[in-house]
Amino acid sequence: MREKRSYGYEDQDMGIYDQLTLSPVETRALKDSPLDLLYGPDEQIPVITVSNFPALGKLAAMRFIEWVQDHPGGVVSLPTGKTPEHVIRWVNRLVRTWDQPETREVLEKNCIDPARKPDMRSLHFVQIDEFYPIQPMQKNSFYHYVKQYYLEWMGLDPQKALLMNCQEIGIGPDQDLETIWPDSTVDLSLRTRQAVTDLERMQQGVLSRIDDWCQQREEAIRALGGLGFFLGGIGPDGHIGFNVRGSDHFSTTRLMATNYETQAAAAGDLGGIEVSRRRLVITIGLGTITFNPDCTAIIIAAGEAKAGVVADAVQGPVSVGIPASALRTLPQARFYITLGAAKQLRRRQVSLLVRAKDYSDEQVMRAIVDLSLQLNKPLLELTSQEAEQDLMLSAVLKGRPEPFADLVQMVRNRLIESIERGSTVYTGTRFLHTEPHHDDLMLGYLPQIVRSMRNPTNDHYFVTLTSGFTAVTNEFMLRQLEGLDRWIHSKVFETLFREGYFDANNQEGRNRDIWQYLDGIAARNEEMRAEGDARRLLRNLMEVYEESDIDAIADRMTELKHYFSSVYPGRKDPGAMQRLKGMCREWEAETLWGYFGWQGSHIRHLRLGFYTGDIFVPEPTVERDVVPVLSLLNEVKPDVISCALDPEASGPDTHYKVLQAISEAIDRYVEMNQQPDITIWGYRNVWFRFHPCEANMYVPVSLNMLSIMESAFLNTFVSQKHASFPSYAHDGPFCELAQQIQVEQYQMLKTCLGRAWFAEHNSPLIRGARGFVYLREMKVEGFRETAHSLRKSTEDA
């Protein structure tokens, strides 16, 4: 039974959505949502908004179950990756426990008939996409993912599954992927140019057969009537499947190249951008998805990182630059998103504000700053007429009694106060700087750290909470081992070995590793740097393998070189390799802080246990993850604690889990020690940015500081120098993106306050600023509220 609902836009042409038909599951979800299904005239596709990531997965799972009940034997296509984690868990749980009373209660609550158990084995399954070339049994192939999570866990029938097994697509019985594509590089120009070598002639034949296979796959899908149910995520460029920005809306199943954003997003799956740049993809097309006009096509998106592409897909024009706009021809197309992913849907944000009656100073500041930046006008030049024409600001002003001019002055004063707070010089302060990964502090707020270091009465401790091994490639490890090869049997190392330099408890030796490396940087002497690198790697190998014999270590190195050169990139490493890779990251962090004079006693590595490298990682626990942080707090007794403070992401990621562990540890520390006056600095780096209204401490950054940041990053974070796991927003090392963000934040403030405010300021610190770092300063109670709010938006809490 379907419910038809009208949303009061009868005077507007809403096309196929004029009279929306909702399923019972959607009707219930919409009733529970704070937002309506469609906000005209901006929105061009229906959207159901939920509170958090698990709720998103639950809604998609319920809608899938409902659809299967109504369409036994139907054709479904489901996504891969981390986004469908809760969808998979919910469907698996419901199907396996269907007849249990608790499950029946959940089903009924979500308007699903428990008397009709869905026949999962009746379904035809269509794999959406796959990297090419990739061995099907690699655990980072989508083929492997589909077999494990959909065919095995959900119980779909393998005989009715249209999969993408690269070993069987276009390849003859006596051929294999490694022989055809020796370096995993596919030259698509062979489709049109003449082959020159025997290898190219073989590759050309394979490409032709792959194209034939793609056409036959398209025909097979259409012979089934097309897709009946499509569930997908949305990529950083807005891609659906691997239909990247620029894809034809009538595209079919094909082998194709991707763009940089997609390659960057895939780097984590494939073991680095060096690998993902070489990979092509096979994907069903946008025309494949929309071929069946009755297809239920649902795009799920969670977190503020997706807000931009969601806004384009929902509010933008129909364009090949917006792949999801192709779905607007389907009456049953939907977006299911979290509140974070709805951040840039304008009318939804206004509706939430009016519904909550949230006319706070922060909301006023957000709306007025946004208008200033939109019009590229200083705050004091904004007019009441311009304010009334702005959707959000006009709504905010209706909830405030003050004249517009007074509110503008209030916002201006807050900006100036935040700059003054960020210019404060600290004395006699003990800082505990925490980071989820080893370069988060540097990329987040290094200028503030360095400025506070200049006063010798301050004390600084630096702690990384995870091992960070997933950011180290096998190629990097091979280069490190080859470097140690040159030194391990040298007279220099023999002497150091006899002196006990490499003994596990020799802290001075560990510090001397750092000094040797930094001396090499200062002298521009690669040999000195290489020796420092080699010293630390030998020390790490001795610790990991509990070996003190040089020959035994040399044998281990031979084994490691074979391992790192033979395993496929992106494979989950065994524990010893994970530890060794993590220690390489720890060494880099120690050389960074050694750059500024800090030794090992002030640099800590907690290696919290929730960080496993699995696609679906465990939640933090008190004993395993909170107690180590609490112990460090009791040891350091800090006055200021920093913490990565990201907004809602696509589920409980590493930064979020570290935040929750730190928050719990601080609560226990304050309760144990009766010390409520701790200051917390929340920071963000290259992954997310504060809006000026979300921060209250703007730290000036000079050209000199930008130069220091770049030099220090490139000289110490060597494993990240070539950006193997980059941001999709920038093709290059993270230090360049951090500088770009800091400069953009300066430009925002210059627009709001006017050029003259900076140029004529009486402080050279402000006059010399060419960038700004945004921080959020809080006391314990404010931090606790922030952490709890994030937990509500990320978990079912």
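Computed from a predicted structure; not experimentally measured.

Examining the overall build of the protein chain
Here comes step 1: Each helix and strand counted, the protein chain has 30 helices and 19 strands in total.
Here comes step 2: Taken over C-alpha atoms, the radius of gyration comes to 28 Å for the protein chain, in line with the 28 Å a tight globule of 797 residues would show.
Here comes step 3: Judged by the C-alpha coordinates and their principal axes, the protein chain covers about 80 × 75 × 60 Å.
Here comes step 4: Residues classed as buried in the protein chain amount to 59% of the 797 residues present.
Here comes step 5: For the protein chain, restricting intrachain contacts to residue pairs at least 6 apart in sequence, the fraction spanning at least 24 positions comes to 78%.
Here comes step 6: Just so you have it, the protein chain exposes about 32,200 Å², and 48% of that area is on carbon and sulfur atoms.
Here comes step 7: The centroid of the 85 positive side-chain charges in the protein chain is displaced by 2 Å from the centroid of its 107 negative side-chain charges.

Brief notes about the sheet that holds strand E6 (residues 129-132)
Here comes step 1: What the three strands build is an open sheet, ordered E6-E10-E9; its pairing is antiparallel. The outermost strands of the open sheet, each flanked by one partner alone, are E6 and strand E9 (254-256). The mean angle between the axes of side-by-side strands here comes to 25 degrees, regardless of whether they run parallel or antiparallel.

With respect to the side chain of Ser423
Here comes step 1: Mapped onto the fold, Ser423 is located in the loop between helix H16 (404-422) and strand E13 (430-435).
Here comes step 2: A distance of 2.8 Å separates a polar side-chain atom of Ser423 from the backbone oxygen of Ile419.
Here comes step 3: Here Ser423 is in contact with Tyr698, Pro700, Leu765 and Ile766, once residues within four sequence places are set aside.

Description of the side chain of Thr338
Here comes step 1: The residue Thr338 is located in strand E12 (residues 333-338) in this model.
Here comes step 2: Relative accessible area serves as the criterion here: at 0%, Thr338 is assigned to the buried category.
Here comes step 3: For Thr338, the side chain forms a polar contact with the main-chain nitrogen of Gly303, separated by 3.1 Å.
Here comes step 4: Among all residues touching Thr338, those that are not within four sequence positions of it are Thr49, Val50, Asn52, Phe53, Leu56, Ala301, Ala302, Gly303 and Glu648.

Quick word on unusual backbone geometry
Here comes step 1: Residue Gly40 is joined to Pro41 through a cis peptide bond whose omega torsion reads 0 degrees.
Here comes step 2: The residue Pro41 is located in the loop between helix H1 (24-32) and strand E3 (47-50) in this model.
Here comes step 3: A cis amide bond links Tyr132 with the next residue in sequence, Pro133, at an omega value of -5 degrees.
Here comes step 4: One can find Pro133 in the loop between E6 and helix H5 (142-152).
Here comes step 5: In the Ramachandran plot, Ser184 falls in the positive-phi region, its phi being about 60 degrees despite a non-glycine side chain.
Here comes step 6: For Ser184, the location among the structural elements is in the loop between helix H6 (177-180) and helix H7 (198-223).

Observations regarding the sheet that holds strand E16 (residues 640-644)
Here comes step 1: Taken in spatial order, the seven strands make up an open sheet running E15-E14-E13-E16-E17-E19-E18, and their pairing is mixed. The open sheet terminates on both sides in strands that have one partner only, identified here as strand E15 (603-605) and strand E18 (697-702). Recorded for the sheet is a direction-independent mean angle of 25 degrees between the axes of neighbouring strands.
Here comes step 2: Inspection of the sheet shows E18 paired to strand E19 (residues 769-779) by six bridges, in the antiparallel sense.

Regarding the pattern of salt bridges
Here comes step 1: According to the stated counting rule, one finds 44 salt bridges in the structure shown.
Here comes step 2: The partner of Glu26 in a salt bridge is Arg63, with the nearest N and O atoms 3.9 Å apart. Of this pair, Glu26 sits in helix H1 while Arg63 sits in helix H2 (residues 53-70); the two residues are 37 residues apart in sequence, bridging distant segments of the chain.
Here comes step 3: Note on Glu26: relative accessible area 0%, which makes it buried.
Here comes step 4: One salt bridge connects Arg536 with Glu590, and the closest N-O pair in it is separated by 2.9 Å. Within this pair, whereas Arg536 is found in helix H21 (residues 526-545), its partner Glu590 is found in helix H23 (residues 575-595), the two being separated by 54 residues in sequence.

Reading the values: the criteria
Residues numbered from 1 in each chain as written. Predicted model: local features only at pLDDT ≥ 70, side-chain atom pairs only at ≥ 80, totals over all residues. Heavy atoms only, no water. Helix = DSSP H or I, 4+ residues; strand = E, 2+ residues; numbered from the N terminus. Rg over C-alpha atoms; globule rule 2.2 N^0.38 Å. Buried < 20%, exposed > 50% of the residue type's maximum accessible area, 1.4 Å probe, protein only. Contact = heavy atoms within 4.5 Å. Areas by Shrake-Rupley, 256 points an atom, 1.4 Å probe, with all protein chains shown as cover. Lys, Arg positive; Asp, Glu negative; His and termini not counted. Charge placed at Lys NZ, Arg CZ, Asp CG, Glu CD. Pairing = 2+ DSSP bridges. Axes fitted to C-alpha atoms, helices over the stretch in contact; angles between N-to-C directions. Polar contact = N/O pair within 3.5 Å; in protein donor to acceptor, adjacent residues only side chain to side chain. Salt bridge = Lys/Arg side-chain N within 4 Å of Asp/Glu carboxyl O.

Geometric values such as these leave the question of function open.
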